[in-house]
Amino acid sequence: MTRTLIAALLLGPACALAAPFADPTRPPAAEASTASGDGVAGQGVPRLESVLIAPDRRIAVINGQAVRVGQKVGEARVLSITETEVALREGNSTQVLKLFPAAERHPAGRMVKGKKK
C-alpha cells in the first residue's frame, strides 16, 4: 500500500504533464501559412489574428505575419488598421478583415431574438 501511494505521488505530476492538451494559441492546420513564408493561407484567404495599437504604431497579425499600414500581405497592401478591422487592397478591390467576424453589435436596449439585451 505504501509503495502504491508513493508511486502515485511521484508519477501523478508526470502523468498530468504528459496529458494531450491542445495549444489554444496554435492556428488551425487548415488555416496555417504556406511553407513559402509569404503569410498567405494555403487557400489564399487572409485571416486577421491580432491587432496592436499604441500611440506610436499600429500592427496587425495576418496569417502569422506582423504588418503595418503600407506593407504587403501576399499581393495585397494594408490600407488601414483599427481596433477590430484591417483593410487590404489588391488591385482595384478592397477587402476588410474583421478580428471578430461572427460578432454582431446591437444598440443598448434593442430586442435580440425576443429578449431585451
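Note that the coordinates shown come from a computational prediction; the quantities given were computed from them, not determined experimentally.

Structural notes on the overall build of the chain
1) Next: When helices and strands are counted, the chain shows one helix and nine strands.
2) Next: In the chain, the succession of α and β elements from N to C terminus is α-β-β-β-β-β-β-β-β-β.
3) Next: Put simply, the chain has 117 residues, and 15% of those count as buried.
4) Next: Across the chain, the fraction of contacts at a sequence separation of at least 24, relative to all contacts at a separation of at least 6, is 24%.

Concerning unusual backbone geometry
1) Next: Backbone geometry places N63, a non-glycine residue, at a positive phi of 50 degrees.
2) Next: Its place among the elements puts N63 in the loop between strand 2 (57–62) and strand 3 (65–67).
3) Next: The exposure class of N63 is buried, given its relative accessible area of 2%.

Let's talk about the sheet that holds strand 6 (residues 85–90)
1) Next: Spatially, the four strands line up as an open sheet ordered 4-5-6-7, and their pairing is antiparallel. Edge strands, defined here as strands with exactly one partner in the open sheet, are strand 4 (72–73) and strand 7 (93–98).
2) Next: Examined bridge by bridge, strand 4 and strand 5 (residues 76–81) share two bridges and lie antiparallel to one another. Counterpart to V73 in the pairing with strand 5 is A76.

Focus: the confidence of the model for the chain
1) Next: Here the chain averages 75 in pLDDT, and 53% of its residues register 70 or above.
2) Next: In the predicted structure, residues 30–42 sits below a pLDDT of 50 and forms 21 contacts with residues beyond four places in sequence or in another chain.

With respect to the sheet that holds strand 1 (residues 48–54)
1) Next: Spatial ordering of the open sheet is given by 1-2-3, a layout of three strands whose pairing is antiparallel. Looking at strand neighbours, the two that pair on one side only are strand 1 and strand 3, the edges of this open sheet. Between one strand and the next, the sheet's axes are offset by a mean angle of 20 degrees, whatever the strand orientation.
2) Next: The pairing of strand 2 with strand 3 spans three bridges and is classified as antiparallel. Opposite V61, over in strand 3, you have A66 as the bridge partner.

Some details on the nonpolar core
What tends to happen in soluble globular proteins is that the nonpolar side chains get buried as a cluster.
1) Next: Counting residues in each nonpolar core, the largest one holds 11 residues, listed as L48, A60, I62, V67, V73, A76, V78, I81, V86, L88 and L97.
2) Next: When residues of this core are traced back to their parent elements, those giving at least two are strand 2, strand 5 and strand 6.
3) Next: Looking at which element gives the most residues to this core, the answer is strand 5, with three residues.
4) Next: In this view, V67 contacts R58, I59, A60, I62, K72, V73, V78 and I81; residues no more than four positions away in its chain are not counted.

Calculation rules
Every chain begins its residue count from 1, and numbering advances along the sequence as written. With pLDDT at 70 or above as the cut-off, local features in this predicted model cover only qualifying residues; side-chain atom pairs require 80 or more to be listed or tallied, and sums for whole chains, interfaces and linings still use all residues. Hydrogens and waters are ignored; side-chain quantities use all the structure's heavy atoms. Secondary structure elements are defined from DSSP: runs of H or I of at least 4 residues count as helices, runs of E of at least 2 residues count as strands, and each element is numbered from the N terminus. We call a residue buried when its accessible area falls under 20% of the maximum for its residue type, exposed when it is over 50%, and partly exposed in between, using a 1.4 Å probe and counting protein chains only. Throughout, a contact is declared for two residues whenever any of their heavy atoms are within 4.5 Å. Pairing between strands is defined by DSSP: at least two bridges between the two strands are required. A score between 0 and 100, pLDDT records how confident the predictor is in each residue. Only the stretch in contact is used when a helix axis is fitted, and all axes are lines through C-alpha atoms; the angle between N-to-C directions ranges over 0 to 180 degrees. For the purposes of this section, nonpolar cores are sets of buried Ala, Val, Leu, Ile, Met, Phe, Trp, Tyr and Cys residues that join through side-chain atoms within 4.5 Å.

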